[in-house]
Amino acid sequence: MLTPDQAAAHAQDIVARARAAGADAADAVFAADAATEISVRLGKLEDVGRSENEELGLRVFVGKRTASVSTSDLSREAMDALVERAVAMAKEAPEDKWAGLAPEERLLRGAPPMLDLDDGGEIAPTELRAMAETAEDAARAVPGVTNSEGGGASASRSVGAFATSHGFAGAYSGTSYGVSASVVAGTGGGMQRDYDYSSTRHRAHLSAPEEIGRSAGERAVARLNPGRMTSGAVPVVFEPRVGASLIGHLIGAISGQAITRKTSFLLDALGSQVFADGVSVQDDPHRPHGLRSRPFDGEGLPVSPTTIVENGVLETWLLDSASARQLGLEPTGHAARGVGGGVGVTTSNLFMAAGHVPVATLIADIARGVFVTELIGQGVNGVTGDYSRGAAGFLIENGEIAGPVAEFTIAGNLKDMYRQLTPANDLVFRYGTNVPTLRIDGMTVAGG
């Protein structure tokens with residue numbers, strides 16, 4: 001695989017070609033990765049996958065007209081043809097008065113931050129297979145587990161580079177490791193499935209395969225013989241693994257494109273109380289070996305920790321350069337750029353800060369409620385904030401988590417849900433987006 005310097009050189013080269021071919025401005029992204037994945041099922045090897053990819057995306061500007069192209073053919077002849085096609089497409093595109101590169105004075109200068117995203121390690125397929133087998137064996141050893149959907153392990157290294165015609169060039173590499181297990185408990189029509197996984201930048205930080213497998217098995221068995229929820233308005237408690245989706249909806253609502261297009265349920269909420277007092281949502285791109293850490297954004301701007309919600313108040317939109325120009329604001333360093341297509345926005349290591357009460361205290365006064373461990377479907381309206389999703393989990397009775405329940409729906413409106421949200425104190429950084437256990441009072445539960 002190419003080094004970061006070689007990747008940056010590829011991006012710079014295509015940008016220079018675009019300028020020579022008549023583009024007024026250009027930027028390019030280069031992405032390469034090599035990954036190995038092993039899966040086993042019922043103790044036997046099921047699949048071995050190896051992928052190696054190199055792709056390059058070019059965006060050119062001719063006046064206020066723009067076009068984007070991409071390719072995986074990096075030969076000199078293909079690059080020449082790509083540049084010619086991009087410039088020709090841009091000349092025929094409609095004008096966009098907001099189009100353009102990021103402000104030159106805002107570009108990242110000097111050395112990017114060192115984020116320790118690449119542990120430099122190599123792992124043999126035989127080791128990955130052993131990890132996958134160990135995870136599945138541990139899951140199948142849990143009493144009550146009757147079948148397996150498999151165990152898996154993976155390792156990859158990637159390198160990404162970005163360059164612009166007005167002076168930015170940067171690149172970085174990262175490694176990623178994963179282990180997972182998914183099993184079935186019970187028999188016949190009463191079967192229940194669940195899973196667990198771990199994903200890290202450094203192999204040394206990966207959870208033990210035995211731990212992942214045992215957790216997957218125990219989760220599946222705990223779901224056996226579910227009851228039904230009675231309909232009504234009750235407190236709903238989200239475990240961290242599913243609660244993270246709630247702030248994902250927040251990010252969609254405060255992205256630049258949602259605001260400029262006026263398609264957000266938080267359209268007029270900047271600077272106002274959105275969550276309850278004490279709630280904080282933050283984004284930290286500089287977290288060492290974080291799953292979504294990055295030294296610069298998708299337009300070459302520096303990134304820095306951002307407080308999105310402070311003491312319940314929405315503090316910022318998330319803006320790329322085009323949406324910032326349209327709103328008369330400054331870009332926030334959250335631009336995202338893939339190999340294909342244009343620029344959007346994204347977060348990095350997004351999290352909701354821990355609250356002050358333990359989980360046991362959070363649920364202690366709930367006479368009847370539900371602890372949600374799985375969400376089903378996509379019933380969220382980003383324009384109105386209306387929220388309705390299928391769910392499964394456990395009944396809460398008299399302040400205690402009781403038996404499993406399934407086939408029910410939870411509903412509300414995100415504006416109301418955010419204001420009623422209370423975080424516990426159990427925040428753990430395990431995923432790309434992390435939250436503690438969350439409680440939301442007054443949601444409507446419809447039993448199956």
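Going by the structure above, here's the rest.
Residues numbered from 1 in each chain as written. Predicted model: local features only at pLDDT ≥ 70, side-chain atom pairs only at ≥ 80, totals over all residues. Heavy atoms only, no water.

(A) Geometry of the sheet that holds strand β10 (residues 313-314). Strands sit in the order β10-β9-β8-β13-β18 across an open sheet of 5 strands; the sheet is mixed. The open sheet has two edge strands, β10 and β18 (433-434), and neither has a second partner. Pairing of strand β8 (residues 281-283) with strand β9 (residues 306-310) involves 3 bridges; the strand directions are antiparallel. By the bridge assignment for β9, V281 is matched with V309. (Pairing = 2+ DSSP bridges. Helix = DSSP H or I, 4+ residues; strand = E, 2+ residues; numbered from the N terminus.)

(B) Highlighting unusual backbone geometry. A positive phi is found at K262, a non-glycine position, where the angle reads about 60°. Here K262 shows up in the loop between α6 (256-260) and β8. Given a relative accessible area of 61%, K262 falls into the exposed group. Positive phi values are uncommon outside glycine, yet N311 reaches one of about 50°. Owing to a relative accessible area of 40%, N311 belongs among the partly exposed residues under this scheme. (Buried < 20%, exposed > 50% of the residue type's maximum accessible area, 1.4 Å probe, protein only.)

(C) Looking closely at the packing of helix α3 (residues 125-140) against helix α4 (residues 209-222). Closest axis-to-axis distance for the α3/α4 pair is 7 Å, and the angle between their directions is 35°. By crossing handedness, the relation of α3 to α4 is classed as right-handed. From α3, M131, T134, A135, A138 and A139 reach across to α4, where they touch P209, E210, G213, R214 and G217. In terms of residue class, the contact of α3 with α4 is made up of 5 nonpolar, 3 polar and 2 charged. (Axes fitted to C-alpha atoms, helices over the stretch in contact; angles between N-to-C directions. Left-handed = near helix turned anticlockwise from the far one by under 90°. Contact = heavy atoms within 4.5 Å. Nonpolar A, V, L, I, M, F, W, Y, C, P; charged D, E, K, R; others polar.)

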